[in-house]
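# A structural walkthrough
Each chain is listed here by its residues.
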2 protein chains.
Amino acid sequence: MRRRTGTTPCLATVLVGDDPASVTYVRMKRNRCAQAGIDSRHVPLPSSITTDRLVEVIVSLSSDPKVHGILLQHPVGPHLDERAAFEAIAPQKDVDGVTGHSFAAMAFGRPGFVSCTPGGILRLLDEYQVDLTGRHAVVVGRSAILGRPAGMLLLARDATVTYCHSRTVGLSAITRGADVLVAAVGRPGFITGSDVKPGAVVVDAGYHPGGVGDVDVASVRDRAGLITPVPGGVGPMTIAVLLAQTVQAAARQLGVD
Amino acid sequence: MRRRTGTTPCLATVLVGDDPASVTYVRMKRNRCAQAGIDSRHVPLPSSITTDRLVEVIVSLSSDPKVHGILLQHPVGPHLDERAAFEAIAPQKDVDGVTGHSFAAMAFGRPGFVSCTPGGILRLLDEYQVDLTGRHAVVVGRSAILGRPAGMLLLARDATVTYCHSRTVGLSAITRGADVLVAAVGRPGFITGSDVKPGAVVVDAGYHPGGVGDVDVASVRDRAGLITPVPGGVGPMTIAVLLAQTVQAAARQLGVD
C-alpha cells in the first residue's frame, strides 16, 4: 500500500468513556493495526458527551481525507443515541460495517463493508469449508451489529436462517434443529449441550470476563461437529476483517482499488 | 391535506415497458390515488431504456419539489439494474419502501418508510390482533422488496423469524412449525395443507393470473386459523400503505408533519 501510494491507511478509533472492556478492545485493535502497518488515530471522548457532539466528531472524521476508516467502539453508553452516531459515519469509511448502508448492502449482496464480527464468522466457516447452501442456520441474538447482519450474510449464502432472541418461545427445540448455530446472545455459557444437534457447527460470538463465551464448552464440545474457541475463534477474525476493510477503504479512497 | 397546505400530494409512477401485469398494477395504484385525492404523475418508459437513463429519470424525480413520492414498478426487466434504480430514489420520497435506507430503518426500528406489501401484512395482522411476540413466523421467499423486509418487520415485533427459500432443505417440516406463515414465493398454489400447522395464521402475499395466490386455498383453508384471501387480502393493503406513505411524505416535505 505504502509503496504504491505513499500513504499509510489510517483508522480512527472513537472511544466514549472508560469502560474497561471497551478500552481493552480498542487497544487490541490499535495494536493489531500497528502490527499490520496501519496507522490509527485514537479519539477518546468523555462519557459525559452529548449525542450531538458525538455526531459532530464523527462527521468531522468522515470528511477528513487523512482518515480512511472509522471505528466507533460499541457500546457508547445508554444516554447516547448510538444509532445516530453510527449513521454519521460516511459509508465509504464504515470499515466496522455498522451503518444502515452497510447493513442493506449485506442484505442485498451489494458492494459495501460487512459488519466485522459476522464477516469474520463467514470467513471462519469458509476456511473450514462449511457448506451453507440449504443448511439451517440459527442465530441466537438480534443485535444491529452482530445477530441481524450475521443472519443476512448467512441468508445471502443460501442458508435457511432462523433468528431467535430473548422473546423466543421454545428456544432449545429450535437450536436443536440447527446445522449451524451462531451464539450471539451476550450471556456467558448460555448455550448448553442439550441445545445442540449432534454434529452441528457451533460458532461462539460471545466474550465475557475470564475468557468465557456464550457457549458452555464443557457440555457442547463433544456434541458439536465443529466449535469455535473462546478466546480465539471469532474475536481475532473480527479484528482481521476490520483491518482488511480499513486497507480496502484506503485503497478505494486513494483510487488504487 | 389540501386545506392545510394548498398542495395535493403527488406520487410519480414509473413504469418500464408494457408487461400486462405491471400495467394493471400501476393503473390500480393510480386509480386508488385518484379516489383518495392524491395526484399521480405517470412516467412510462420504453423497455429499451438503459440503467443509466432510468437512474437519471429517478434522480430527476427525486429532486422535483412537485413530486412527493416515487413508485418504480417492479420488475423493470432483466437487462436493467433494478437495485441501482431503486437506490436513486431519495429516502424521503421512498414511499414504496424499496431503498436500502428504508430496509435498514425497518430492520433497526428507525423512522422511515416500510416496504408496502410487508407493511400491509403487518397492518392486517394487527387488525386481527395476531400476537407476534415469541411466536414463530416463517417467511417463504426472500426477495428484497417482500420476503426480506417482511422478516425484518416481524423480527422487530419480537417474533422468532425463519427465512425459507428455493434452496431450503426440508421446507415442509419448517413451515409446519410456523404460528404465522407468510407465503411470498411467487409460485401459484405452492403452499398446501400438509405445509401448514393446524390453527396457523396464513398470509398469502402471492398473486397470479386468474386471481390465484401462493397458497392452495382448497387444502389450506380448513387447517389455518386465519387466512388472507386472494384476490383481496394483502393486495389492497399494499396499495393502502403506498397511499398513506405518499401523504406522509408530502406532509413531511411540506413541513406539516
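In short, a report on the structure.

About the thresholds
- Residues numbered from 1 in each chain as written.
- Chains lettered and ligands numbered in written order.
- Predicted model: local features only at pLDDT ≥ 70, side-chain atom pairs only at ≥ 80, totals over all residues.
- Heavy atoms only, no water.
- Helix = DSSP H or I, 4+ residues; strand = E, 2+ residues; numbered from the N terminus.
- Rg over C-alpha atoms; globule rule 2.2 N^0.38 Å.
- Buried < 20%, exposed > 50% of the residue type's maximum accessible area, 1.4 Å probe, protein only.
- Contact = heavy atoms within 4.5 Å.
- Lys, Arg positive; Asp, Glu negative; His and termini not counted.
- Charge placed at Lys NZ, Arg CZ, Asp CG, Glu CD.
- Core = buried A, V, L, I, M, F, W, Y, C linked by side-chain atoms within 4.5 Å.
- Phe/Tyr/Trp six-rings, centres within 6.5 Å; stacked < 30°, edge-to-face > 60°.
- Salt bridge = Lys/Arg side-chain N within 4 Å of Asp/Glu carboxyl O.
- Polar contact = N/O pair within 3.5 Å; in protein donor to acceptor, adjacent residues only side chain to side chain.
- Least-squares fit on C-alpha atoms with pLDDT ≥ 70 in both.
- Buried area = accessible area lost by both parts, 1.4 Å probe.
- Pairing = 2+ DSSP bridges.
- Expected span 1.5 Å × (residues − 1).
- Right-handed = clockwise from strand over helix to strand, strands pointing away.

### A closer look at the overall build of chain A
Along its length, chain A carries ten helices and eight strands. Radius of gyration (C-alpha) of chain A: 18 Å, near the 18 Å computed for a compact globule of 257 residues. Overall size of chain A, expressed as C-alpha extent along the three principal axes, is 50 × 40 × 30 Å. Going through the 257 residues of chain A one by one, you find that 54% of them count as buried. Within chain A, contacts between residues at least 6 apart in sequence are counted, and of these 67% link residues at least 24 apart. With 25 positive and 22 negative side-chain charges, chain A shows a spacing of 3 Å between the two charge centroids.

### Quick look at the nonpolar core
Ranked by size, the top nonpolar core spans 57 residues in total, and within it Leu125, Met152 and Leu154 of chain A together with Leu125, Met152 and Leu154 of chain B carry the most contacts. Excluding residues that lie within four positions of it along the chain, Met152 of chain B makes contacts with Phe103, Arg148, Met152 and Tyr163 of chain A together with Phe103, Met106, Ala107 and Tyr163 of chain B. The next biggest cluster of nonpolar side chains, apart from the first, holds 21 residues, and it includes Leu61, Ile70, Leu72 and Val76 of chain A.

### Things to note about the environment of Ala88 of chain A
Residue and element names in this part refer to chain A. Relative to the helices and strands, Ala88 is located in the loop between α4 (82-87) and α5 (100-108). Looking at Ala88, the relative accessible area reads 14%, which means it is buried. Residues Ala88 and Leu54 lie 34 residues apart in sequence; the distance between their C-alpha atoms is 9.2 Å. Setting aside anything within four residues of it in sequence, one finds Ala88 in contact with Val55, Ile58, Val59 and Ser62.

### Overview of the packing of aromatic side chains
Tallied over the full model, the rule gives six aromatic pairs over all chains. Seen from their ring centres, Phe103 of chain A and Phe103 of chain B are 5.8 Å apart, and the 15° between their planes marks the pair as stacked. With Phe103 of chain A in helix α5 and Phe103 of chain B in helix α5 (residues 100-108), the pair connects residues from two separate chains. The two residues Phe103 of chain A and Phe103 of chain B agree in class, both being buried. Measuring from centroid to centroid gives 5.0 Å for Phe103 of chain A and Phe108 of chain B, while their planes differ by 50°, and the two rings are tilted. Of this pair, Phe103 of chain A sits in helix α5 while Phe108 of chain B sits in helix α5, on two different chains. Judged by its relative accessible area of 1%, Phe103 of chain A falls in the buried class. For Phe108 of chain B, a relative accessible area of 17% gives the class buried. Each member of the aromatic cluster is reached from another via a ring pair, and the members are Phe103 and Phe108 of chain A together with Phe103 and Phe108 of chain B.

### A closer look at the side chain of Asp94 of chain A
All names here are of chain A. Structurally, the position occupied by Asp94 is in the loop between α4 and α5. Among buried charged residues, Asp94 stands out as having no salt bridge; its nearest opposite-charge side chain is Arg83, 7.3 Å away. Here Val98 takes part through its backbone nitrogen, which lies 3.0 Å from a polar atom of the side chain of Asp94. Apart from the residues within four sequence positions on either side, Asp94 is in contact with Ile89, Thr99, Ser102 and Phe113.

### Focus on the relation of the copies chain A and chain B
Take chain A, turn it by 180°, move it 0.0 Å along the axis, and it overlays chain B with an RMSD of 0.0 Å. Those values place the two copies in the arrangement expected of a two-fold rotation axis. Of the C-alpha atoms belonging to chain A, the one lying closest to the rotation axis is found on Thr162 of chain A, 2.0 Å away. The residues that chain A uses at the interface reappear at the interface of chain B in 100% of cases, marking a shared surface.

### Quick look at the interface of chain A and chain B
With 31 residues of chain A at the contact, the number on the chain B side is 31 residues. Counting each side, the surface lost to burial between chain A and chain B is near 2600 Å², with a carbon and sulfur contribution of 61%. Taken together, chain A and chain B are joined by six salt bridges. Salt-bridge contacts for Asp81 of chain B lead to Arg110 of chain A; the nearest nitrogen and oxygen are separated by 3.3 Å. Here chain A and chain B share 15 residue pairs in polar contact (both at pLDDT 80 or more) between them. Of all the elements in the fold, those that place two or more residues in the side of chain A that touches chain B are α4, α5, α7 (147-156) and β5 (160-164) of chain A. Bridging between β5 of chain A and strand β5 (residues 160-164) of chain B involves three bridges; their strand directions are antiparallel. By the bridge assignment, Tyr163 of chain A is partnered in β5 of chain B with Val161 of chain B.

### Looking at helix α10 (residues 234-254) of chain A
Residue and element names in this part refer to chain A. Helix length check: α10 (21 residues) gives 30 Å between terminal C-alpha atoms against 30 Å at 1.5 Å per residue, within 8%. Listed in full, the buried residues belonging to α10 are Val234, Thr238, Ile239, Val241, Leu242, Leu243, Gln245, Thr246, Ala249, Ala250 and Ala251. Packed against the buried residues of α10 are β1 (10-16), α2 (20-36), β3 (69-72), α6 (116-127) and β7 (201-204). Positive backbone phi, approximately 75°, marks Gly255, located one or two places after α10.

### Description of the pairing of β5 of chain A
Residue and element names in this part refer to chain A. Of all five residues in β5, five are buried; the element is thus mostly enclosed. With five bridges connecting them, strand β4 (residues 136-140) and β5 associate as parallel partners. In the sheet register, Val140 faces β5, and the bridge partner there is Cys164. You can see the chain leave β4, run along α7 and come back into β5, and the turn it takes is right-handed.

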